[in-house]
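Results of the structural survey
Take a look at the letters that make up each chain.
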Amino acid sequence: MAHNAQGKVWTYADDAWFEGDKGVLAPRHQAFWLASTVFDGARYMLGRAPDLDRHIARLMKSARILAMKPCLSEAEIEAIAWQGVGKFADDADLYICPIFYAEEGAVVLPDPDSTRFAMVVRESPMPAFDGFAACLSSFRRPARDMAPTEAKASCLYPNVARSVGEAQKKGFDVGVILDPSGNVAEFSYANLFMVKDDVVTTPVINGTFLNGITRQRIMQLLSDDGYQVVERTVDFDELRVADELFATGNYAKVSPCTRLEDRTLHPGAVATRARELYFEFAAKA
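What you see is a predicted model, and the numbers here were worked out from it, not measured in a lab.

In this section: the nonpolar core. Counting 30 residues, the largest nonpolar core has V38, I77, I96, F100, F117 and M119 as the members making the most contacts within it. Going through the elements one at a time, β1 (9-13), β4 (42-44), α2 (52-65), α3 (74-85), β5 (94-102) and β8 (115-123) are the ones with two or more residues in this core. Here this core takes five residues from α2, the largest share from any one element. The contacts of M119, once residues within four sequence positions are left out, are W10, T11, Y12, W17, I77, I80, A81, I96, C97 and P98. Ranked by size, the runner-up nonpolar core spans 19 residues in total, among them V176, V184, F187 and L265.

Pairing geometry for strand β10 (residues 174-178) and strand β11 (residues 184-187), over three bridges, is antiparallel. Paired with V176 across the two strands is F187, which belongs to β11. Connecting β10 to the antiparallel partner β11 that follows it, the hairpin turn spans five residues, and G182 within it adopts a positive phi of roughly 90°.

Below, the discussion takes up the packing of α2 against helix α5 (residues 213-224). For the pair α2 and α5, interaxial distance at closest approach is 10 Å and the crossing angle is 140°. Viewed along their axes, α2 and α5 adopt a mutual orientation that is oblique. The handedness of the crossing between α2 and α5 is right-handed. Here R54, H55 and R58 of α2 lie close against α5, whose contacting residues are I213, Q216 and R217. Split by residue class, the contact of α2 with α5 holds one nonpolar, two polar and three charged.

A word on the pattern of salt bridges. Scanning the entire structure with this criterion turns up 16 salt bridges. Where R58 meets D40, a salt bridge forms, and the shortest distance between an N and an O atom there is 2.7 Å. With R58 in helix α2 and D40 in the loop between β3 (37-39) and β4, the pair connects residues that are 18 residues apart, well separated along the chain. We note that R58, like D40, is buried. Here D113 makes a salt bridge to K69, at a shortest N to O gap of 2.5 Å. On the criterion of sequence distance, the pair formed by D113 in the loop between β7 (109-110) and β8 and K69 in the loop between α2 and α3 is long-range, its members being 44 residues apart. Overall, the relative accessible area of 55% leaves D113 in the exposed class.

Cut-offs used in this document
- Residues numbered from 1 in each chain as written.
- Predicted model: local features only at pLDDT ≥ 70, side-chain atom pairs only at ≥ 80, totals over all residues.
- Heavy atoms only, no water.
- Core = buried A, V, L, I, M, F, W, Y, C linked by side-chain atoms within 4.5 Å.
- Buried < 20%, exposed > 50% of the residue type's maximum accessible area, 1.4 Å probe, protein only.
- Helix = DSSP H or I, 4+ residues; strand = E, 2+ residues; numbered from the N terminus.
- Contact = heavy atoms within 4.5 Å.
- Pairing = 2+ DSSP bridges.
- Axes fitted to C-alpha atoms, helices over the stretch in contact; angles between N-to-C directions.
- Parallel < 35°, antiparallel > 145°, perpendicular 65-115°, else oblique.
- Left-handed = near helix turned anticlockwise from the far one by under 90°.
- Nonpolar A, V, L, I, M, F, W, Y, C, P; charged D, E, K, R; others polar.
- Salt bridge = Lys/Arg side-chain N within 4 Å of Asp/Glu carboxyl O.

Shown next as structure tokens:
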């Protein structure tokens, strides 16, 4: 699940494109010191941008959850994304990251009319299907009344970083995060699936972690392919005896978990098939 070194980058800000990075924040800006920032991530791969419209729709929802007012329409953002894609080779693997942030505010509440937009499009090769190691994290996902958990908000990611840092100090890549009730929520920054006796199970959405767009797509693709896919409450001990564990997320799409604490696993048939199905879908999206 490690992210690759980045190559060519284009940034859209202030109604123009800039090669490389572009500074947009000042220390006094609301987003800089009070984290009024939301973002999303989409992929361009195989000459397509699968589910780009759904990523943009989620960005709009995230902005409203944080009391911002989107300053562009979904159609306008999609057009900007395709402008950015056009600055790269047709066969490039790209990461498309649109962002809303607030410049002004009253006390701690952002001024909706100060909402601004930026986008980063960068080269980002698809990671190899070679697996990652995970351990139980001591950090948990917050409940929906403790944080804006239904938004893809930057303010949630320091907690993600704590779980990753803890895992890496122990010799793993990421953590398995529990929800406030002690049930499995997800991996540190990706949705979690387990396979047992040919049944594919993923933790039910309960307001503590995002219902990932790639998660939803993989569930549908596996179901259409004849697999039994179940959403329910999952206990961590169930992961210890699972036949397979794998993650879904926009960055790598499908990644097999090849070590859970002291147990070694192998990339399984279901994870392999899920990845095949996703790439087949993406090629026609």
